[in-house]
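Single-letter residue listing:
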Amino acid sequence: MRHRTRRAGAAAAIVTAAAVALGACSGDDGAGITVAPVGRATVTEVVEAPATVSAKASAQVSAGSDASVAAVQVREGQQVRAGQVLVRLDSPQARRSLRQAVRADAQAAQAGSVTTPAVGLSAQQQQADVTARRAFARARRAAAAITDRATRRQALAAVAASRAQYDAARTQAADAVRQFQAGLGSLSGAVAALSSAQRVQTRAAVIAARRTVQGLVIRAPISGTVSLTATPSGSGSSSAADLVDQLPESLQGQAGSLLGGSGSSSQVSGTLAEGQPVSSGQALVTVTDSSTLSLTAQVDETDVLLVRRGVPAEVELDAVPDATYDATVVTVDPTPTTSSRGGVTYVVRLSLDRGRETGGTIAPTPRAGMSAVARLRVRTAHDVVSAPASAVFRDGRRDAVWVVVNGRARERTVQLGAQGESRVQLLSGLKEGERLVVRGADRLREGQQVP
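Predicted, not measured: the structure shown is a model, and the values here were computed from it. (Residues numbered from 1 in each chain as written. Predicted model: local features only at pLDDT ≥ 70, side-chain atom pairs only at ≥ 80, totals over all residues. Heavy atoms only, no water.)

This part is about the overall build of the protein. Broken down by element type, the protein carries seven helices and 22 strands. Taken across its 451 residues, the protein has 44% of its residues classed as buried. Within the protein, residue pairs in contact and separated by at least 24 positions form 76% of the contacts whose partners lie at least 6 positions apart. Of the roughly 22,500 Å² of accessible surface on the protein, 49% is carried by carbon and sulfur atoms. (Helix = DSSP H or I, 4+ residues; strand = E, 2+ residues; numbered from the N terminus. Buried < 20%, exposed > 50% of the residue type's maximum accessible area, 1.4 Å probe, protein only. Contact = heavy atoms within 4.5 Å. Areas by Shrake-Rupley, 256 points an atom, 1.4 Å probe, with all protein chains shown as cover.)

So this is what it looks like as structure tokens:
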């Protein structure tokens, strides 16, 4: 891919018919010094940046638990609609976790009707608190171990909601105990409140386990084209069985579902096939919507302040070098990106239109991921006072030129506007018709005679 150049070297200038011809008014003394007059021109400043063609949307679907592929219901490259079933997974561990969670919830429901002696209420509450704290801490660790981001967020949210419900139920139970001890409540009310607090955990485990089983059916998150390349997950779920065994029975189903089963498996990238084992968090299917193509450009920090919404651009693809595509800036990301070399760039997103080849025929439609170069026309100054870019040099922190006055070179500070490749706009410092040294400026000194 072609590297980005600084805008002073990558800009293009469009000179109108009103521009003054240089050759007719210039002279050369034989020492390499050339003089030309200040004229008028239309100057276009261009920022050049590397870019990549992007699809409208792309979504990757991952396995929510350790499982095996039961059925692949689409083929590579097939067009699918959002919600369509792509793959069905099979996980005996996930289904076993659901059965455990349902059984534990039923046992907790039955325990609510058991009569408990009044003497043991305080100790029972303390024991329940200790058990709950440990269980929720383990559940949070289990949820945090999930590699798939979406599933991990859902699992952590479920644990947090369950903890909040438990705290509310615990407060209710404590109030019931106090009322009973003061003679204002009944023993059955206190026991019911304690039982309600315990059932919060079992109900949460059932919900999480059911969600994992439902996740065995992989559906398309968006409409688009399917890619069935299975990518291995970054880490397995090692020692999951040990973690599940350490939990109370009422939470074993929840932890099992959060981890997606015990054990770990090392997967090799390849095309997804029936019977293939997959691990929790492993990418299974990618759906890409290429109905609308756009462009993502990396603009250097020295140029990004010139880029704004609506700026037009010309795009050249590496794959189609003889074609030019039109594009328009849509957004400029506010967050910078730092390259491995330490340079700072900003992502600029552009809409991408059809292109045309040199002969005027319609250019091929690009594919997502193709490399390109975007030339953003950030400033255009029409019919303005301008000078050849070669006449301008830096003197400290100022832009300056050599003006020929009465046959001698005089340095003068100028203010520049749009900066093209061959001409630059002069905002102040010079008037139309004044003569400048446009070649050989490095050989001059103040007051030197110029023929």
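Okay, the pairing of strand S15 (residues 323–338) next. Relative to S15, strand S14 (residues 312–317) is paired through four bridges, and the arrangement is antiparallel. In the sheet register, Val315 faces S15, and the bridge partner there is Tyr325. Direction of pairing for S15 relative to strand S16 (residues 344–357): antiparallel, over a ladder of 11 bridges. The partner of Ala327 across the bridge, within S16, is Leu352. (Pairing = 2+ DSSP bridges.)

Here the focus is the sheet that holds strand S7 (residues 217–219). Spatial ordering of the open sheet is given by S7-S6-S4-S11, a layout of four strands whose pairing is antiparallel. Each edge of the open sheet is held by one strand with a lone partner, namely S7 and strand S11 (277–278). Summarising the sheet, strand S4 (residues 67–72) and S11 pair through two bridges and their orientation is antiparallel. Along S11, the bridge assignment pairs Ser68 with Pro277.

Tracing the backbone through its elements, the reader meets Glu48 in strand S2 (residues 39–54). Within the local environment of Glu48, its side chain forms a polar contact with the side chain of Arg375, the two groups lying 3.1 Å apart. (Polar contact = N/O pair within 3.5 Å; in protein donor to acceptor, adjacent residues only side chain to side chain.)

It is worth spelling out the sheet that holds strand S5 (residues 79–80) at this point. The strand order across the open sheet built from four strands is S3-S12-S8-S5, with neighbouring strands paired in antiparallel fashion. The open sheet has two free edges, formed respectively by strand S3 (57–62) and S5, since each of these has just one partner strand. Summarising the sheet, S3 and strand S12 (residues 283–289) pair through six bridges and their orientation is antiparallel. The partner of Ala59 across the bridge, within S12, is Val287.

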